[in-house]
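Chain by chain, the residues run as shown.
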Amino acid sequence: MKELLHSKIYGAENGGTPLIVLHGLFGMADNWGSFGRSFGERRQIHLLDLRNHGRSFHSDGMSIEDMVEDLADYITSIGVKKILLLGHSLGGKVAMQFAIDHPEQVEKLIIADIAPKAYPPHHEDIFNALCAVDINSMDNRKDVQTKLETYLDDPGVVQFLLKNVYIKEDRKLGWRFNLDVLQQKYSDFITISVKAGIYSGPTLFLAGEKSRYILPEDKVKIKEQFPNVSFETIPNAGHWVQAENPQAFDKFVADFLAQ
């Protein structure tokens, strides 16, 4: 029997089409808790942990195709025919590929600060910092933070990574994500583009005003694969659009879902 992705569900009692949310690299469902609580008042929200992240299973496979299949298995497990799908960064790539591969299952698609293109490697500093932390020998989160801060000068990134620190059954610290596989398989999910195909359903692309993940020239390719697309920019936000300006992010999402 296949392992299913771990999820946090808000508004389980609500009817209508459920909204599934996919986080980005090094993230997890917990990062979207405020969003889930807010939107869960009106609809059913499923916050998923991608494989090798959060509380989901660890695996040697980490391709976009693997994650698309994981999502398909999860949708089958909850017994619905259609979903609303929101993905940020890596989760956005998975969401785009799923919508292209299974358009009949996606009622609406929301992509947060990622394009369907291949990206050059750009997480080396984070991997170097994480690999420098001997997590098993650390006594507390503060020690982990101090070590990370010697390699990373962005306090926001350090705090984001620290959310993955947890206490294992042997009382030692560990990472929620599978660091070894994420590093080894990085090229399988970052430095490749979304495969050819078209999703013609309603689509919203949200870009951070201060982010460079979606460039003006990317919109041509986006419109080719997602012809029924609209674009919005989240003011005063970088790549973590939902965390840096949640009010604007939530309003754009709510307005799009209400259309």
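Residues numbered from 1 in each chain as written. Predicted model: local features only at pLDDT ≥ 70, side-chain atom pairs only at ≥ 80, totals over all residues. Heavy atoms only, no water.

> Got a minute to help me understand a negative patch on the surface in this structure?
The grouping of E124, D125, D153, D154 and E244 at the surface amounts to a negative patch. Among the structural elements, E124 can be located in helix 4 (residues 124-132). (Patch = residues over 30% accessible without salt bridge, like charges linked within 9 Å, V, L, I, M, F, W, Y side chains within 5 Å. Areas by Shrake-Rupley, 256 points an atom, 1.4 Å probe, with all protein chains shown as cover. Salt bridge = Lys/Arg side-chain N within 4 Å of Asp/Glu carboxyl O. Lys, Arg positive; Asp, Glu negative; His and termini not counted. Charge placed at Lys NZ, Arg CZ, Asp CG, Glu CD. Helix = DSSP H or I, 4+ residues; strand = E, 2+ residues; numbered from the N terminus.)

> Is there a simple way to think about the packing of helix 2 (residues 64-78) against helix 3 (residues 90-101) in this case?
In a pair of packed helices, the angle between the axes and the distance between the axes together describe the arrangement. Their axes nearest at 9 Å, the elements helix 2 and helix 3 cross at an angle of 70°. In terms of orientation, helix 2 and helix 3 fall into the roughly perpendicular class. The hand of the helix 2/helix 3 crossing is right-handed. Seen from helix 2, the contacting residues are I64, M67, V68, L71, A72 and I75; seen from helix 3, they are L90, K93, V94, Q97, F98 and D101. Residues that form the contact of helix 2 with helix 3 fall into these classes: nine nonpolar, one polar and two charged. (Axes fitted to C-alpha atoms, helices over the stretch in contact; angles between N-to-C directions. Parallel < 35°, antiparallel > 145°, perpendicular 65-115°, else oblique. Left-handed = near helix turned anticlockwise from the far one by under 90°. Contact = heavy atoms within 4.5 Å. Nonpolar A, V, L, I, M, F, W, Y, C, P; charged D, E, K, R; others polar.)

> What exactly am I supposed to notice about helix 4 here?
Helical periodicity: at 3.6 residues per turn, an α-helix aligns residues three or four positions apart in one direction. For helix 4, every residue scored as buried is listed here: I126, F127, A129 and L130. All buried residues of helix 4 fall inside an arc of 160° around its axis, so they share one side. If you follow the buried residues of helix 4, they end up packed against helix 5 (141-149), helix 6 (155-162), strand 7 (173-175), helix 7 (179-184) and helix 8 (186-189). (Buried < 20%, exposed > 50% of the residue type's maximum accessible area, 1.4 Å probe, protein only. Arc of directions from axis to C-beta.)

> How should empty space enclosed by the protein be read in this particular structure?
Empty space left among the atoms is revealed by rolling a probe the size of a water molecule over them. Inspection of the entire model under this criterion finds one cavity of 30 Å³ or more. Each pocket or cavity is described by its volume, and for the largest cavity that value is around 60 Å³. Looking at side-chain class alone, the lining of the largest cavity contains seven nonpolar, three polar and one charged residues. (1 Å grid on protein atoms, 1.4 Å probe; cavity = no way out; pocket = protein on both sides within 12 Å on 5 of 7 lines; lining within 4 Å. Points joined across faces, edges and corners; volume = space filled by probe spheres on them.)

> Would you explain the layout of surface pockets in this entry?
Of the volumes computed, that of the largest pocket is approximately 330 Å³. Forming the walls of the largest pocket are 22 residues, and the residues nearest its centre are H123, I126, Y213, H239 and W240. Counting residues per element, the ones that place at least two in the lining of the largest pocket are helix 4 and helix 6. A class-by-class count of the residues in the lining of the largest pocket yields nine nonpolar, ten polar and three charged. As a volume, the second largest pocket reaches approximately 250 Å³. N31, D154, G156, V157, Q159, F160, K163, H239, W240, Q242, A243 and E244 together form the lining of the second largest pocket. Counting residues per element, the lining of the second largest pocket draws most heavily on helix 6, which supplies four residues. Tallied by class, residues from the lining of the second largest pocket come to four nonpolar, five polar and three charged.

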